[in-house]
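Structural characterization, general
One letter stands for each residue in the lines below.
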Amino acid sequence: MFHSDPGGDSRLSLMRPDGSDLTLLTDTVAGYPFGSWSPDGSRVAFLSGSFGEGALLVINANGSGEAHVTDIEARAPDWSPDGTKLVFEAVEGGIYSVGADGSGLTRLSLGGSGPTWSPDGSRIAFFSDDARNLDVYTMGSDGAGLERLTSDPADDVSPGWAPDGRRIAFVSERHHNADLYVVDANGSGERRLTEDPAPDEAFSWAPDGRRIAYVSYRHGAEPENIGIGDAEVFVVVVRTGEIRNLSRNRAWDGDPDWSHDGTRIVFTRRTDHAEIYVMRADGSKQEMLPGLPGDAVNDCCARWRP
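Here we look at the overall build of the protein chain
Helix and strand counts for the protein chain come out as zero helices and 27 strands. Taking 2.2 N^0.38 as the reference for a compact globule, 306 residues should give roughly 19 Å; the C-alpha atoms of the protein chain span a radius of gyration of 18 Å, in line with that estimate. Along the three orthogonal principal directions, the C-alpha set of the protein chain runs to about 50 × 45 × 30 Å. Among the 306 residues that make up the protein chain, the fraction classed as buried is 55%. Put simply, 35% of the contacts in the protein chain that link residues at least 6 apart link residues at least 24 apart.

Comments concerning the pairing of strand β25 (residues 274-280)
Of all the seven residues making up β25, six are buried; the element is thus mostly covered by neighbouring parts of the structure. In this sheet, β25 lies alongside strand β24 (residues 264-270) in antiparallel orientation, the contact comprising seven bridges. Its bridge partner being in β25, Thr-268 is matched across the sheet by Ile-276. Here β24 hands over to β25 after three residues, the two strands then running antiparallel side by side. Bridge analysis of β25 against strand β26 (residues 287-289) gives three bridges, and the strand direction is antiparallel. Bridging across to β26, Ile-276 finds its partner in Leu-289. Hairpin connection, β25 to β26: the antiparallel pair is bridged by six residues, and Gly-283 has positive phi, about 95 degrees.

Observations regarding the pairing of strand β15 (residues 156-161)
Remember that side chains alternate between the two faces of the sheet whenever the strand is regular. Of all six residues in β15, five are buried; the element is thus mostly enclosed. Bridge count between β15 and strand β16 (residues 167-172): four bridges; the pairing is antiparallel. Looking at the pairing, Val-157 lines up with Val-171 of β16. Counting the residues that bridge the hairpin from β15 to β16 gives five residues, and of these Gly-165 lies at a positive phi of roughly 75 degrees.

Describing the environment of Glu-73
Tracing the chain through its elements places Glu-73 in strand β7 (residues 67-79). When the C-alpha atoms of Glu-73 and Lys-85 are compared, they prove to be 17 Å apart, with 12 residues separating the residues in sequence. Look past the residues within four positions of Glu-73 in its chain and what remains in contact with it is Glu-53, Gly-54, Ala-55, Glu-89, Ala-90 and Val-91.

A look at the packing of aromatic side chains
For the structure on display, the rule yields five aromatic pairs. Between Phe-126 and Tyr-137, the aromatic rings sit 5.7 Å apart at their centres with planes inclined by 15 degrees, giving stacked as the arrangement. Note that Phe-126 is positioned in strand β12 (residues 123-128) and Tyr-137 in strand β13 (residues 135-140), a separation of 11 residues in sequence. Across this residue pair, the class does not change: Phe-126 and Tyr-137 are buried. The aromatic ring of Tyr-181 is capped on one face by Arg-174, whose charged end is 4.6 Å from the ring centroid.

Overview of the sheet that holds β26
The four strands are arranged β23-β24-β25-β26 in an open sheet whose pairing can be described as antiparallel. Every interior strand has two partners, whereas the edge strands, β23 (252-258) and β26, have only one. Taking each pair of neighbouring strands and ignoring which way they run, the sheet shows an average axis angle of 35 degrees.

Describing the sheet that holds strand β19 (residues 200-205)
Read across the open sheet, the four strands follow the order β19-β20-β21-β22; overall the sheet is antiparallel. Because the sheet does not close on itself, it has two edges, and the strands there are β19 and β22 (243-245). In this sheet, neighbouring strand axes are inclined to one another by 30 degrees on average, regardless of whether the strands run parallel or antiparallel. In the sheet, β19 pairs with strand β20 (residues 211-216) via four bridges, with the strands oriented antiparallel. Bridge pairing links Asp-200 to Ser-216 in β20.

About the thresholds
- Residues numbered from 1 in each chain as written.
- Predicted model: local features only at pLDDT ≥ 70, side-chain atom pairs only at ≥ 80, totals over all residues.
- Heavy atoms only, no water.
- Helix = DSSP H or I, 4+ residues; strand = E, 2+ residues; numbered from the N terminus.
- Rg over C-alpha atoms; globule rule 2.2 N^0.38 Å.
- Buried < 20%, exposed > 50% of the residue type's maximum accessible area, 1.4 Å probe, protein only.
- Contact = heavy atoms within 4.5 Å.
- Pairing = 2+ DSSP bridges.
- Phe/Tyr/Trp six-rings, centres within 6.5 Å; stacked < 30°, edge-to-face > 60°.
- Lys NZ or Arg CZ within 6 Å of the ring centre and 35° of its normal.
- Axes fitted to C-alpha atoms, helices over the stretch in contact; angles between N-to-C directions.

Note that all results are geometric; they support no functional claim without further evidence.
Here is the structure:
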């Protein structure tokens, strides 16, 4: 699944990992994050509205059955591991869960952003400014059992669960720039993974939980100017902190996502427009996928189907 913008439209499309069988999924997508696969790969949740927020919809992977889940203005939807519910951040404030069929809308918290379900479905991680700065929290899937995992005066944001649910990676600005950190799911064992004066962010766990791919701006690009300058896809070994530049190109490279067997990474390469590439997990054999036809079309933000 990937996003494209032919003629200024905003749409989701599907293609195989070799670029074949290009199929339109929907042309009413609101913006990043452009779509979220259900765990079984049969459906996609997305937002329809203004960029990055809108009404929450679900559509079947064959393009049929598009349905509104809720008209609450939403951001950042994430599926429960069993595929029965979605959690999202409301634009008006608060985190909600709702059945994928639109039933059982429940407010879980008064505030918070970026909710994401634990792999076993028992907890939800998010970040919030409840303590007057942004920290990482978890709560039960019913909103009970709130636990604060980080407590640094700097902002800690964008939590992401390790595949086994034992650790959570997040982005922190406690050294005056964004770096990757990891913390045990109970709040212990906090550790810094990347150390560079330039920002490191937008990460993706490898399926084996041993590595994290991320976007680094250490070659001169700025996070606020996506597509301008030299950003790179790096990988860090969680146990040792060893890092490696995988994409190694003067273009803007970002949006990494691991294949489910951990052998490949799909990413976006932006020059005068955006294109989708696939590379091996060691950075070799980088191949551009054709995407939608047209020199001015931007294809980006691809996600592997479960």
